[in-house]
Amino acid sequence: MGIVEKIATLKREKGAVILAHYYQVPEIQDIADYVGDSLGLAQRAAETDASMIVFAGVHFMAETAKILNPGKKVLLPDLEAGCSLAEGCPPDQFREFLDRHPGHRVISYINCSAAIKTMSDVICTSGNAVEIVESFPKDEKIIFAPDKNLGAYINSITGRDMVLWDATCEVHDILTTERVINMCAAHPDAKLIAHPECRGAILELASFVGSTTAMIRFTQTDEATKYIVASESGILHQMKQASPNKEFMVVPADETCACNDCPYMKLNTLPKLLQCMERETPEIILDHEVIEKARAPIVKMLEISRMKNLIQ
Ligand code: 13P
Ligand code: SF4
């Protein structure tokens with residue numbers, strides 16, 4: 001039996017669901033029950049009736065699934081699959097930061113640890129950040145953490161002045177304006193689209209800014225036939241499938257390849273996914289109290305998204 005068949009058999013036997021992010025390798029995306037952005041993945045995790053959730057993504061995503069499903073087994077093929085944003089916001093330092101800014105509400109990007117979620121009023125993703133921020137009164141004092149690029153972008157389009165925690169996604173923040181401009185010059189017929197985790201100067205150059213799902217949908221309906229994508233390489237797999245007659249290129253991280261891979265997302269492989277389903281480990285284990293406290297801001301995000309019709 002091949003690896004794909006073995007995974008399918010285990011999935012049936014164990015009543016498992018496989019949820020995968022767009023940045024996973026194509027082989028994993030192809031066997032997943034659902035492939036989506038962080039919002040879509042949280043929404044699927046919240047509604048699944050499967051008894052086991054196999055999360056092909058990074059640690060904070062699997063943690064979110066566990067927080068929404070405390071009674072279920074949530075597996076992550078490689079526990080080292082972290083995130084520079086979650087890493088860049090240590091809970092003790094964040095607590096001090098909050099103490100230095102009394103009277104502020106806290107909106108945290110889902111790319112943070114469960115401990116940061118326990119200190120937050122509401123969570124957001126790149127797919128609903130504007131709506132989540134706009135759900136607060138205009139004069140509300142707000143802290144936005146941990147992504148300063150996304151926070152600055154949301155400030156610019158909502159006219160807010162949220163206090164920003166200083167962390168970035170190492171995969172999007174590495175992209176330079178110079179590289180983007182050179183690429184646009186080399187491909188004048190291509191349209192630049194960007195994820196809001198990129199630096200502000202790149203977002204200003206882009207014809208479209210949005211979450212991974214939003215970018216894929218944009219390229220399906222937009223009239224252009226060629227795109228320069230300022231995001232992670234994995235997204236091209238679904239973009240090409242959704243628009244087989246269009247051409248897509250990612251902005252490369254450096255001169256060594258035509259790619260921009262997240263080192264954490266790419267820790268997951270098909271053999272590791274099979275092994276974690278066979279052994280039912282590594283499993284996400286969280287303290288009961290953390291789960292209880294972190295759930296409220298996630299549920300609030302899901303409710304606002306439902307009210308605003310942001311269903312992925
Ligand atoms: P979205 O899934 O919200 O587009 O975010 C991309 C990302 O970097 C996830 O880690
Ligand atoms: Fe984190 Fe960036 Fe990797 Fe997403 S792409 S998991 S934000 S480091």
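These numbers were taken from a predicted model, which means no experiment stands behind them.

A.B. asks: Any chance you could explain the site of ligand 1 here in plain terms?
C.D. replies: Surrounding ligand 1, one finds 14 residues, the nearest of these being His 21, Ser 38, Ser 126, His 195 and Thr 212. Contact distances for ligand 1 include 3.1 Å between an oxygen atom and a side-chain N or O atom of Glu 197. Notes on ligand 1: free accessible area 300 Å², of which the protein chains cover 97%. In this structure, ligand 1 is accommodated by the largest cavity. The residue makeup of the shell around ligand 1, split by class, is five nonpolar, seven polar and two charged.

A.B. asks: Would you mind going over the layout of surface pockets with me for this structure?
C.D. replies: Any empty space left between atoms is shown by rolling a water-sized probe over those atoms. Counted as a void, the largest pocket has a volume near 290 Å³. Around the largest pocket, the lining is made up of 19 residues, and of these Ser 126, Gly 127, Asn 128, Glu 131 and Ala 214 lie nearest the centre. Of the residues contributing to the lining of the largest pocket, the split by class is 10 nonpolar, seven polar and two charged. Taken as a whole, the second largest pocket spans an internal volume of roughly 220 Å³. Along the walls of the second largest pocket sit 14 residues, with His 59, Gly 82, Cys 83, Ala 86 and Glu 87 positioned nearest its centre.

A.B. asks: Just checking my understanding: could you explain the packing of helix H3 (residues 38-47) against helix H16 (residues 288-307) for this structure?
C.D. replies: The axes of two packed helices give the description: the angle between them and the distance between them. One can describe the packing of H3 onto H16 by two numbers: an axis separation of 11 Å at closest approach and a directional angle of 105°. Comparing the axis directions of H3 and H16 gives the class roughly perpendicular. Counted together, Leu 39, Ala 42, Gln 43 and Ala 46 of H3 and Met 301, Leu 302 and Ser 305 of H16 form the full contact between these two elements. Taken together, the residues of the contact of H3 with H16 sort by class into five nonpolar, two polar and no charged.

A.B. asks: Would you take a moment to explain empty space enclosed by the protein for this structure?
C.D. replies: In the structure shown here, the tally under the stated rule is two cavities of 30 Å³ or more. Estimated volume of the largest cavity: approximately 220 Å³. Around the largest cavity, the lining comprises 25 residues; the ones closest to its centre are Tyr 23, Asn 111, Cys 169, Glu 197 and Met 265. The element that contributes the greatest number of residues to the lining of the largest cavity is helix H10 (residues 170-173), accounting for three residues. Residue classes in the lining of the largest cavity are distributed as 12 nonpolar, nine polar and four charged. The space that makes up the second largest cavity amounts to roughly 60 Å³. When contributions to the lining of the second largest cavity are tallied by element, the ones reaching two or more residues are H3 and helix H4 (59-68).

A.B. asks: Just checking my understanding: could you explain the pairing of strand S7 (residues 142-145) for this structure?
C.D. replies: As a general feature of sheets, a regular strand has side chains that alternate between the two faces. Side chains Ile 142 and Phe 144 of S7 all project onto a buried face; the interleaved residues Ile 143 and Ala 145 project onto the opposite face, where all are buried too. Relative to strand S8 (residues 163-164), S7 runs parallel, the two sharing two bridges. Looking across to S8, one finds that Phe 144 is bridged to Leu 164. For the crossover that starts at S7, traverses helix H9 (residues 148-158) and ends in the parallel S8, the hand is right-handed.

A.B. asks: Where do I start with the site of ligand 2 in this structure?
C.D. replies: The environment of ligand 2 is made up of Tyr 23, Val 58, Cys 83, Ser 84, Leu 85, Asn 111, Cys 169, Val 171, Glu 197, Cys 262, Tyr 264 and Met 265. Given that more than half its atoms are within 2 Å of the pocket grid, ligand 2 belongs to the largest cavity. When its residues are assigned to classes, the shell around ligand 2 shows nine nonpolar, two polar and one charged.

The rules behind these values
- Residues numbered from 1 in each chain as written.
- Chains lettered and ligands numbered in written order.
- Predicted model: local features only at pLDDT ≥ 70, side-chain atom pairs only at ≥ 80, totals over all residues.
- Heavy atoms only, no water.
- Near = heavy atom within 4 Å.
- Polar contact = N/O pair within 3.5 Å; in protein donor to acceptor, adjacent residues only side chain to side chain.
- Areas by Shrake-Rupley, 256 points an atom, 1.4 Å probe, with all protein chains shown as cover.
- 1 Å grid on protein atoms, 1.4 Å probe; cavity = no way out; pocket = protein on both sides within 12 Å on 5 of 7 lines; lining within 4 Å.
- Sits in = over half its atoms within 2 Å of the grid points.
- Nonpolar A, V, L, I, M, F, W, Y, C, P; charged D, E, K, R; others polar.
- Points joined across faces, edges and corners; volume = space filled by probe spheres on them.
- Axes fitted to C-alpha atoms, helices over the stretch in contact; angles between N-to-C directions.
- Helix = DSSP H or I, 4+ residues; strand = E, 2+ residues; numbered from the N terminus.
- Parallel < 35°, antiparallel > 145°, perpendicular 65-115°, else oblique.
- Contact = heavy atoms within 4.5 Å.
- Buried < 20%, exposed > 50% of the residue type's maximum accessible area, 1.4 Å probe, protein only.
- Pairing = 2+ DSSP bridges.
- Right-handed = clockwise from strand over helix to strand, strands pointing away.

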